[in-house]
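Below are the chains, spelled out letter by letter.
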2 protein chains.
Amino acid sequence: MNPMVASSESAVETAPVAKTVQLSRARRAAILKALADPHRLKLLERIAASTCPLGCAEALSTLAISPATLSHHIKELEAAGLVHVERAGKFIHLSLRTEVWSALVASLAALGQPRSTRR
Amino acid sequence: MNPMVASSESAVETAPVAKTVQLSRARRAAILKALADPHRLKLLERIAASTCPLGCAEALSTLAISPATLSHHIKELEAAGLVHVERAGKFIHLSLRTEVWSALVASLAALGQPRSTRR
DNA sequence: TCGACATTTCGACAGCTATCGAATTGATTA
DNA sequence: TAATCAATTCGATAGCTGTCGAAATGTCGA
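Residues numbered from 1 in each chain as written. Chains lettered and ligands numbered in written order. Predicted model: local features only at pLDDT ≥ 70, side-chain atom pairs only at ≥ 80, totals over all residues. Heavy atoms only, no water.

Engineer: So what's going on with the relation of the copies chain B and chain A? Residues and values would help.
Structural biologist: Rotating chain B by 180° and moving it 0.0 Å along the rotation axis overlays it on chain A with an RMSD of 0.0 Å. Both copies are brought into coincidence by an operation consistent with a two-fold rotation axis. Counting the interface residues of chain B, we find that 100% of their copies in chain A are interface residues as well, pointing to one common contact surface. (Least-squares fit on C-alpha atoms with pLDDT ≥ 70 in both. Contact = heavy atoms within 4.5 Å.)

Structural data, given as structure tokens:
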């Protein structure tokens with residue numbers, strides 16, 4: 001895990017009451033890079049659409065990829081801080097980090113509004 | 001220019017009154033792919049922040065890249081439908097397609113809201 | 001018409017990344 | 001304890017992509 005994500009991660013973690021957290025440029029870039037792969041985007045969409053944490057079996061049935069590739073993609077999404085991975089015995093469960101997602105959306109929304117005060 | 005972007009482009013063009021247009025999944029994926037490069041993201045931010053169309057000279061002064069590389073990135077952003085490129089003699093001017101951007105933001109916002117009715 | 005300038009195209013290249021099969025690791029169960 | 005299963009790691013590979021210098025193209029002005 002690189003230090004940039006880790007430090008931003010703790011910033012998000014220590015501000016749980018904040019609905020929308022400010023993303024650094026580096027963080028934004030890292031997240032957008034993680035979203036560049038079509039399979040990863042589809043996986044994230046599937047995770048987001050799930051009312052409960054998603055298992056690998058279900059993820060695999062959504063995407064036509066090997067377990068190895070899924071593992072790789074999950075790792076990328078986790079590294080980008082987009083998903084939370086919880087292990088339960090042999091199984092893992094994936095959920096969207098909604099606060100990070102909201103921060104991204106807000107960040108991108110602000111980009112399209114050049115007249116607002118921005119640093 | 002690939003037919004996917006072209007057809008979505010005309011849909012956007014023919015609906016100028018619509019503040020937020022629905023993006024197809026493919027379109028969304030294509031845009032996010034275009035945003036994956038840090039230089040391209042920075043360029044888009046610079047374009048968005050500009051109150052008037054941005055010239056190449058200004059873009060080059062923002063990014064420490066060669067003119068050839070800038071040209072490549074511009075082409076990518078244009079192909080993704082994110083920017084409008086206008087030629088004025090020897091010069092070109094870049095502007096953000098705000099309606100596409102808004103559609104992207106809306107699209108991503110909807111992704112983070114699994115309980116809303118989505119197709 | 002030629003020179004200057006802005007921008008693009010071209011070709012090469014290095015680095016990145018998605019993908020997979022096989023091996024490995026870890027948890028569970030009989 | 002061994003077998004089964006879920007998931008990860010590892011190594012290899014093919015394709016992708018950002019980057020650049022050089023050449024080419026197009027515009028403008030003298």
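Okay, back to it.
Engineer: Explain the packing of helix α3 (residues 38-49) of chain A against helix α2 (residues 25-34) of chain B residue by residue, including any values.
Structural biologist: α2 of chain B packs onto α3 of chain A with a crossing angle of 120° between their chain directions and a minimal axis gap of 10 Å. As the angle between them shows, α3 of chain A and α2 of chain B are arranged oblique. Classified by chirality, the crossing of α2 of chain B by α3 of chain A is right-handed. Packed against α3 of chain A, whose contacting residues are L41, K42 and E45 of chain A, the element α2 of chain B presents R25, R28, A29 and L32 of chain B at the interface. Split by residue class, the contact of α3 of chain A with α2 of chain B holds 3 nonpolar, no polar and 4 charged. (Axes fitted to C-alpha atoms, helices over the stretch in contact; angles between N-to-C directions. Helix = DSSP H or I, 4+ residues; strand = E, 2+ residues; numbered from the N terminus. Parallel < 35°, antiparallel > 145°, perpendicular 65-115°, else oblique. Left-handed = near helix turned anticlockwise from the far one by under 90°. Nonpolar A, V, L, I, M, F, W, Y, C, P; charged D, E, K, R; others polar.)

Engineer: Describe the protein's contact with DNA strand C, naming the residues involved and giving the relevant values.
Structural biologist: Around DNA strand C lies a shell of 21 residues, among which K33, H39, T69 and H73 of chain A together with S71 of chain B are the nearest. A share of 80% is what sugar and phosphate atoms reach among the atoms of DNA strand C within 4 Å of the protein. Between DNA strand C and the protein, one listed contact pairs a phosphate oxygen with a side-chain N or O atom of K33 of chain A at 2.6 Å. One of the side-chain N or O atoms of H39 of chain A is found 2.6 Å from a phosphate oxygen in DNA strand C. (Near = heavy atom within 4 Å. Polar contact = N/O pair within 3.5 Å; in protein donor to acceptor, adjacent residues only side chain to side chain.)

Note that every value here comes from positions in space, so none of it alone points to a role or purpose.
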